[in-house]
Amino acid sequence: IIKSLIKIRYKNRRQFRIFRDTLNLGLRIMGSRENGLAWDEGNHFSKVLLVSLAKNLHRLQSILILCKRGFAKDAILLLRTMFEELVDLKYMQADKKRIEDYFNYDTYIRLKLGRILLVHSGKGVDKQKVKTRNAELEKEWNKVKSKFMDKNGKVHKRWTCKSVADISTEVGLGEAYHYIFRYLSNYIHSSPVSANDYVLGREGDNVVIEIGASPQLIREVLPTASIFFVDMLSIVNDEYEMKLDDKLKSLA
């Protein structure tokens, strides 16, 4: 197994190097107090940007561990999440007023979770506390919910009131949506499409199934995760004028 993992890392050393450079740049940006990147109470986009950067740095580290161990297929869920977050960031950056919708819709998500807790929770849940919190959220939600309703009176599935496909097109990632997001969805949902990445072939009357470490998809996962994060760093660079243009261009 150790020899197999060493071989995986050696054959994909360029992809690993670029990925680490991307990850390290993100960590340096988040770790330096001199770069101007700061949580600003008067700037909601700064909050969203900082939290998104932190979340995706965490995801990058998870992807690195999975790929180093030969489990790139399991990193696909993280890639899909990164893409969706990148699309939302670009959508908010294009019109900062949309950030208000982002936070208002969060009230609905919390209220939904609270309702689920009351119906399905067992012992250990303070139902009175949940009811009190739900009542507070209900008041807040009633003030804004009309904006998130469709013509049939149902609440939209996303805070944008538009699909990921539509938003991707609006922010210039329409093509990427079709050949990345939709393809990656086949690995997340129950679908026979991804079966080809686990079936190696036949041996007599038996089908040979691959279980465990594999070089499969490492050359796709590492660069894709890198470019998603580089795009996020580009947004940070634009907002905070960090003069990272050359570095980001080189990584891209």
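Below, the structure is looked at part by part. (Residues numbered from 1 in each chain as written. Predicted model: local features only at pLDDT ≥ 70, side-chain atom pairs only at ≥ 80, totals over all residues. Heavy atoms only, no water.)

## Details of the layout of surface pockets
Here is step 1 of the chain: Computed from the structure, the largest pocket encloses a volume of approximately 580 Å³.
Here is step 2 of the chain: Around the largest pocket, the lining is made up of 23 residues, and of these Asp-88, Tyr-102, Ile-109, Arg-158 and Trp-159 lie nearest the centre.
Here is step 3 of the chain: Those elements that place two or more of their residues in the lining of the largest pocket are helix H3 (44–68), helix H4 (76–94) and helix H5 (98–120).
Here is step 4 of the chain: Top contributing element to the lining of the largest pocket by residue count: H5, with 8 residues.
Here is step 5 of the chain: The residue inventory of the lining of the largest pocket, partitioned by class, reads 9 nonpolar, 3 polar and 11 charged. (1 Å grid on protein atoms, 1.4 Å probe; cavity = no way out; pocket = protein on both sides within 12 Å on 5 of 7 lines; lining within 4 Å. Points joined across faces, edges and corners; volume = space filled by probe spheres on them. Helix = DSSP H or I, 4+ residues; strand = E, 2+ residues; numbered from the N terminus. Nonpolar A, V, L, I, M, F, W, Y, C, P; charged D, E, K, R; others polar.)

## Regarding a positive patch on the surface
Here is step 1 of the chain: A contiguous patch of positive charge on the surface is contributed by Lys-7, Lys-11, Arg-13 and Arg-219.
Here is step 2 of the chain: Mapped onto the fold, Arg-13 is located in helix H2 (residues 13–31). (Patch = residues over 30% accessible without salt bridge, like charges linked within 9 Å, V, L, I, M, F, W, Y side chains within 5 Å. Areas by Shrake-Rupley, 256 points an atom, 1.4 Å probe, with all protein chains shown as cover. Salt bridge = Lys/Arg side-chain N within 4 Å of Asp/Glu carboxyl O. Lys, Arg positive; Asp, Glu negative; His and termini not counted. Charge placed at Lys NZ, Arg CZ, Asp CG, Glu CD.)

## A closer look at unusual backbone geometry
A negative phi holds for most residues other than glycine; trans holds for most peptide bonds.
Here is step 1 of the chain: At Cys-161, a position not held by glycine, the phi torsion is positive, near 65°.
Here is step 2 of the chain: Within the secondary structure layout, Cys-161 lies in the loop between helix H6 (127–144) and helix H7 (164–170).
Here is step 3 of the chain: Overall, Cys-161 belongs to the partly exposed group, its relative accessible area being 25%. (Buried < 20%, exposed > 50% of the residue type's maximum accessible area, 1.4 Å probe, protein only.)

## Overview of the environment of Met-232
Here is step 1 of the chain: Summarising the element assignment, Met-232 is placed in helix H9 (residues 218–240).
Here is step 2 of the chain: Between the C-alpha atoms of Met-232 and Leu-173, which are 59 residues apart in sequence, the distance is 13 Å.
Here is step 3 of the chain: Residues in contact with Met-232, not counting those within four places in the same chain, are Asn-56, Met-82, Glu-85, Leu-86 and Leu-89. (Contact = heavy atoms within 4.5 Å.)

## Observations regarding the pattern of salt bridges
Here is step 1 of the chain: Applying the stated criterion across every chain, the model contains 13 salt bridges.
Here is step 2 of the chain: Here Asp-21 ties to Arg-17 by a salt bridge, and the two come within 3.8 Å at their closest N and O atoms. Placement of the pair is Asp-21 and Arg-17 together in helix H2, with a separation of 4 residues, close to one helical turn.
Here is step 3 of the chain: Classification of Asp-21 as partly exposed rests on a relative accessible area of 28%.
Here is step 4 of the chain: One salt bridge connects Lys-47 with Glu-41, and the closest N-O pair in it is separated by 3.2 Å.
Here is step 5 of the chain: The exposure class assigned to Lys-47 is buried, which follows from its relative accessible area of 12%.
Here is step 6 of the chain: One salt-bridge network, held together by shared partners, links Lys-55, Arg-59 and Glu-85.

## Observations concerning the nonpolar core
Here is step 1 of the chain: Core analysis: the largest hydrophobic core is formed by 66 residues, its most contacted members being Ile-29, Ile-63, Cys-67, Met-82, Phe-83, Val-221 and Phe-229.
Here is step 2 of the chain: If you tally residues by element for this core, the top one is H9, at 12 residues. (Core = buried A, V, L, I, M, F, W, Y, C linked by side-chain atoms within 4.5 Å.)

## Description of H5
Here is step 1 of the chain: When the terminal C-alpha atoms of H5 are compared, their 33 Å separation across 23 residues agrees well with the 33 Å that a helix rising 1.5 Å per residue should span.
Here is step 2 of the chain: The complete set of buried residues in H5 reads Arg-98, Ile-99, Asp-101, Asn-104, Tyr-105, Thr-107, Tyr-108, Leu-111 and Gly-114.
Here is step 3 of the chain: Tucked into the core, H5 has its buried residues touching H3, H4, H6 and H7. (Expected span 1.5 Å × (residues − 1).)

## Thoughts on the packing of aromatic side chains
Here is step 1 of the chain: Tallied over the entire structure, the rule returns 10 aromatic pairs.
Here is step 2 of the chain: Geometrically, the ring pair formed by Tyr-102 and Phe-103 is edge-to-face, given 5.6 Å between the ring centres and 80° between the ring planes.
Here is step 3 of the chain: Arranged with centres 5.3 Å apart and planes meeting at 85°, the rings of Tyr-102 and Trp-159 form a pair that is edge-to-face. You can see Tyr-102 sitting in helix H5 and its partner Trp-159 sitting in the loop between H6 and H7, a full 57 residues away along the chain.
Here is step 4 of the chain: You can call Tyr-102 partly exposed: its relative accessible area is 26%. (Phe/Tyr/Trp six-rings, centres within 6.5 Å; stacked < 30°, edge-to-face > 60°.)

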